[in-house]
Amino acid sequence: MSNDATRYPNLEQQVVFITGGGSGIGAALTRAFHLQGAKVAFVDIDDAASQALAESLKAETGRMPHYRRCDIRDVEALQAAIAEVGRELGPIHTLVNNAANDDRHRWDEVDVAYWDERMALNLRPMFFAAQAAAHQMIKIGGGSIINFGSISVQMAISDLSAYMTAKAAACGLTRSLARDLGKHNIRVNTLVPGSIMTERQLEKWIGPEEEASIQARQSLKMRLVPEHVAPLALFLASQESQAISGQEIAVDGGWG
Ligand SMILES: NC(=O)c1ccc[n+]([C@@H]2O[C@H](COP(=O)([O-])OP(=O)(O)OC[C@H]3O[C@@H](n4cnc5c(N)ncnc54)[C@H](O)[C@@H]3O)[C@@H](O)[C@H]2O)c1
C-alpha cells in the first residue's frame, strides 16, 4: 500500500515536524510527507527504528528526512528541537503531535508520579510543541497543527484511564488552540485513529480474537493499518483543507 498516488503540490518543500515519527503510525506519516517532497523532521526515542526509516527513505528517494533523538517528556529539549529545525530547514508549516504511549496500569496502583509522567508524555508536549511551532508558522503566514486523539475515548477500556484522559484532553486543546491561532491562519485539528494494527498493537494487545471483535465494531470489515491514517494527515496539512479547523476527524472504519 502506498500514499504517493495523491499529490499536494503545496506540501513540496514545506517543513513538517512529527513527534514519534520513527515507528508505528508515525513512520507512515514520515514516509507520506517525505514522498510529497516535504522537508520532514521527526523526533523519537527509538534510534534503531528511526535511523532505519531515515536510511530506507534515502535509499528510496535520494533524500533523507531529518531525525533527531528527543524524549518529548523533556519540554526544553522538545522546544530546542523545534527551534533547531526552524533554523536548519526553515520555519515549520505543519506540526504533527503523534507520539504517545498506551501502556496499561491498574487503577489502584497509579500514584502521582506515574499519573504526571503519563500526562508529560501523552498531553503536555502537544501544547508546548504547538506553542513553539506556532511562532514559526506566524512568520510564514499560517500553518497546520494535527493533534492525535484516540477512538479509545469513546470506548470503555480498563487499565487505561491516564491515557484516555490525555486523549480526551487533546480534543479540548485542539478546540481552544484553533480559536487562539485562527487569526494567524493556523489551523488546529484532532486526527482520531480507530484501532490501527501497528506492530506494537499486534505484539502487545491484539490477538486474533481481539481483532475479530474490533472488526465486528467497524462498519468496514477490514484491517486498518498506519497507511490508512497518513492520507488524512496529508490532507489536513494541505491547502485543500484551508477552511477546516477545530475538528475531530476519525479514520476508524466506521466505528459503531
Ligand atoms: N495504533 C492504534 O490503534 C491507535 C489508536 C488510537 C490512537 N492512536 C494514536 O496514534 C498515535 C500513534 O500511535 P502508534 O500506535 O503508532 O504508537 P506506537 O507506540 O507504535 O509509536 C509511537 C512512537 O512514538 C515514540 N515515542 C514514544 N515515547 C516517546 C517519547 N517519550 N519521546 C519521543 N518519542 C516517543 C515511539 O518510539 C514510537 O516511535 C498516538 O498518538 C496514539 O495514541 C493509535
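Above this note sits the structure.
Residues numbered from 1 in each chain as written. Predicted model: local features only at pLDDT ≥ 70, side-chain atom pairs only at ≥ 80, totals over all residues. Heavy atoms only, no water.

Draft legend 1. Just the packing of aromatic side chains, in detail. Scanning the model with the defined rule gives two aromatic pairs in all. Above the face of the tryptophan 205 ring, arginine 104 is positioned so that its terminal group lies 4.0 Å from the ring centre. (Phe/Tyr/Trp six-rings, centres within 6.5 Å; stacked < 30°, edge-to-face > 60°. Lys NZ or Arg CZ within 6 Å of the ring centre and 35° of its normal.)

Draft legend 2. Layout of the nonpolar core. Judged by nonpolar contacts, the single largest core of 30 residues is most densely connected at Ile18, Leu29, Phe33, Val96, Phe148 and Leu191. Mapped by element, the contributors of at least two residues to this core are β1 (15-19), α1 (24-35), β2 (39-44), α2 (47-61), β5 (143-148) and α9 (226-237). Considering each element in turn, this core owes the most residues, seven residues, to α9. (Core = buried A, V, L, I, M, F, W, Y, C linked by side-chain atoms within 4.5 Å. Buried < 20%, exposed > 50% of the residue type's maximum accessible area, 1.4 Å probe, protein only. Helix = DSSP H or I, 4+ residues; strand = E, 2+ residues; numbered from the N terminus.)

Draft legend 3. Broad picture of the pairing of β2. Burial within β2 is extensive, with five of its six residues counted as buried. Bridge count for β1 against β2 is five bridges, and the pairing is parallel. Note on β2: the bridge partner recorded for threonine 19 is valine 43. Tracing the backbone out of β1, into α1 and back to the parallel element β2 gives a crossover that is right-handed. Here β2 pairs with strand β3 (residues 66-69) via four bridges, running parallel. Its bridge partner lying in β3, phenylalanine 42 is registered against tyrosine 67. At this point the chain moves from β2, through α2, to the parallel β3, and the crossover so formed is right-handed. (Pairing = 2+ DSSP bridges. Right-handed = clockwise from strand over helix to strand, strands pointing away.)

Draft legend 4. Examining unusual backbone geometry more closely. Even without being a glycine, glutamine 13 presents a positive backbone phi close to 70°. Of note, glutamine 13 is situated in the segment before β1. Residue classification places glutamine 13 among the exposed residues on the basis of a relative accessible area of 55%. Positive phi values are uncommon outside glycine, yet asparagine 185 reaches one of about 65°. Its location among the elements puts asparagine 185 in the loop between α6 (161-181) and β6 (186-193).

Draft legend 5. Quick peek at empty space enclosed by the protein. Going through the model one piece at a time under the given rule, you end up with one cavity of 30 Å³ or more. Taken as a whole, the largest cavity spans an internal volume of roughly 40 Å³. If you list the elements that add at least two residues to the lining of the largest cavity, you get α4 (112-122) and α5 (124-139). Its residues placed into classes, the lining of the largest cavity shows six nonpolar, four polar and no charged. (1 Å grid on protein atoms, 1.4 Å probe; cavity = no way out; pocket = protein on both sides within 12 Å on 5 of 7 lines; lining within 4 Å. Points joined across faces, edges and corners; volume = space filled by probe spheres on them. Nonpolar A, V, L, I, M, F, W, Y, C, P; charged D, E, K, R; others polar.)

Draft legend 6. Inspection of the packing of helix α3 (residues 75-89) against α5 at higher detail. One can describe the packing of α3 onto α5 by two numbers: an axis separation of 10 Å at closest approach and a directional angle of 30°. If you check the angle between α3 and α5, you find them roughly parallel. Crossing angle aside, the handedness with which α3 passes α5 is right-handed. Along the contact surface, α3 presents Val75, Leu78, Gln79, Ile82, Ala83 and Gly86, while α5 presents Arg124, Pro125, Phe128, Ala129, Gln131, Ala132, Ala133 and Gln136. Broken down by class, the residue content of the contact of α3 with α5 amounts to nine nonpolar, four polar and one charged. (Axes fitted to C-alpha atoms, helices over the stretch in contact; angles between N-to-C directions. Parallel < 35°, antiparallel > 145°, perpendicular 65-115°, else oblique. Left-handed = near helix turned anticlockwise from the far one by under 90°. Contact = heavy atoms within 4.5 Å.)

Draft legend 7. Geometry of the environment of methionine 197. With respect to the secondary-structure elements, methionine 197 resides in the loop between β6 and α7 (199-204). Note on methionine 197: relative accessible area 6%, which makes it buried. C-alpha separation for the pair methionine 197 and glutamate 55, spaced 142 residues apart in sequence, amounts to 24 Å. If we skip the residues at most four places from it in the chain, methionine 197 touches Leu202, Ile206, Glu211, Ile214, Arg223, Leu224, Val225 and Pro226.

Draft legend 8. Quick peek at α6. Taking 1.5 Å per residue, 21 residues should reach 30 Å; α6 reaches 30 Å between its end C-alpha atoms and fits that length. Within α6, the full set of buried residues consists of Ala162, Tyr163, Met164, Ala166, Lys167, Ala170, Cys171, Leu173, Thr174, Leu177, Ala178 and Leu181. If you follow the buried residues of α6, they end up packed against α4, α5, β5, β6 and β7 (248-251). (Expected span 1.5 Å × (residues − 1).)

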